[in-house]
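Summary of the model geometry
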Amino acid sequence: SLFWTPSFQLSYAVVGSILLYGLPLAQALNRCRQRRVGADLDALEHPRLWSLSRSLTTSLSISLAATLGSSALSIYYFQTFSPGGIVINLLLMQVGSAIITLGAVSLLLGGLGMGILSQAINTLALALIWLMENAIQMALKLPGVFFSLQFVEPFAFALVGLGIPLWMTLSAHW
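Described in the following lines is the structure provided in the data block. Numbering of residues begins from 1 in every chain and follows the order in which that chain's sequence is written. In keeping with the predicted nature of the model, local features appear solely for residues at pLDDT of at least 70, side-chain atom pairs appear and are counted solely at 80 or more, and the whole-chain, interface and lining totals rest on all residues. For the side-chain quantities, the full set of heavy atoms in the structure was used; hydrogens and water were omitted.

1. Considerations on the overall build of the chain
Strands are runs of DSSP state E lasting at least 2 residues, helices are runs of H or I lasting at least 4, and numbering of each runs from the N terminus. The helix and strand inventory of the chain stands at six helices and two strands. Its helices and strands in sequence order give the chain the pattern α-α-α-β-α-α-β-α, from N to C terminus. Burial statistics for the chain: of 174 residues in total, 31% are counted as buried. The long-range share in the chain, meaning contacts at least 24 apart out of those at least 6 apart in sequence, stands at 74%. Residue exposure ignores everything except the shown protein chains as possible cover, and the areas themselves are Shrake-Rupley values with a 1.4 Å probe. Split by element, the accessible area of the chain, about 11700 Å² in all, is 72% carbon and sulfur. Burial classes follow relative accessibility: with a 1.4 Å probe on protein chains only, a residue under 20% of its type's maximum area counts as buried, one over 50% as exposed, and anything between as partly exposed. It only takes one pair of heavy atoms within 4.5 Å for two residues to be counted as in contact.

Encoded structure:
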């Protein structure tokens, strides 16, 4: 059945974690930061820096939630854990957003009869996807980014991984 495939479970676990933990965490961190800074002149004088800081906080929260949401299932199905995914996702989310935007522009141009431009944009998107794939392969070679847990009972670690989001829910007052 489709519901019990690893890809289906991972997809829904990640999306659910982002919605349940990532977005509320981002909102809470951004509220705390706003209260701390208040009407600080630095924030008012540098709105782009303030906006970048807010975007990074949100991206980090979403990446953390996605990693926590997928860790238990990754350990269970693949006997792997990749804490480095949190940092890698920060970079790849931005590139992924650019690829999605390029795809939308390509569809629009193709619909308007500008096939050559549409093809050029698709080629650029393909190059970005190639860069993403190679960046992941290079990052996996860095120490601490990826751990193989072949020697560990997968079910035990899956339970621990599922307990982390449960603990966050019960102990956090966002």
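Next, the rest of the story.
2. A short note on the packing of aromatic side chains
Aromatic pairs are defined between Phe, Tyr and Trp rings, using the six-membered ring for Trp, whenever the two ring centres lie within 6.5 Å; interplanar angles under 30 degrees are classed as stacked, those over 60 as edge-to-face, and all others as tilted. What the rule picks out here adds up to three aromatic pairs. Aromatic side chains Tyr77 and Phe78 sit 6.2 Å apart centroid to centroid with 50 degrees between the ring planes, which places their arrangement in the tilted category. Using a relative accessible area of 26% as the deciding quantity, one classes Tyr77 as partly exposed.

3. Points about the side chain of Ser74
The topology assignment puts Ser74 in helix H3 (residues 47-78). According to the relative accessible area criterion, Ser74 is buried, its value standing at 16%.

4. Let's talk about H3
Helix span is expected to be 1.5 Å times the residue number reduced by one. Between the first and last C-alpha of H3 there are 44 Å, a value that for 32 residues agrees with the 46 Å anticipated at 1.5 Å per step. In this scheme, the bend at a residue equals the angle between the axes fitted to the seven residues that finish there and the seven that begin there. Where H3 bends most, the angle comes to about 35 degrees, and this point is Ser70.

5. As for the nonpolar core
Within the largest apolar cluster, 10 residues are counted, these being Ile88, Leu92, Ile99, Leu102, Leu109, Ile121, Ala125, Met132, Ala139 and Val145. Taken together, the elements giving at least two residues each to this core come down to helix H4 (85-111) and helix H5 (115-139). When neighbours within four sequence positions are excluded, Leu92 is seen to be in contact with Met132 and Ile136. For our purposes a nonpolar core is just a set of buried Ala, Val, Leu, Ile, Met, Phe, Trp, Tyr and Cys residues, chained together by side-chain atoms within 4.5 Å.

6. Looking at a nonpolar patch on the surface
Exposure above 30% relative accessible area and no salt bridge define the residues that can form patches, which grow by joining like charges within 9 Å and nonpolar side chains of Val, Leu, Ile, Met, Phe, Trp and Tyr within 5 Å. Take a side-chain nitrogen of Lys or Arg and a carboxyl oxygen of Asp or Glu: if they are within 4 Å of each other, that pair is a salt bridge. On the surface, a cluster of nonpolar side chains totalling about 400 Å² of accessible area is made up of Leu108, Leu112, Met114 and Leu117. Topologically, Leu117 is positioned in helix H5. Given a relative accessible area of 47%, Leu117 falls into the partly exposed group.

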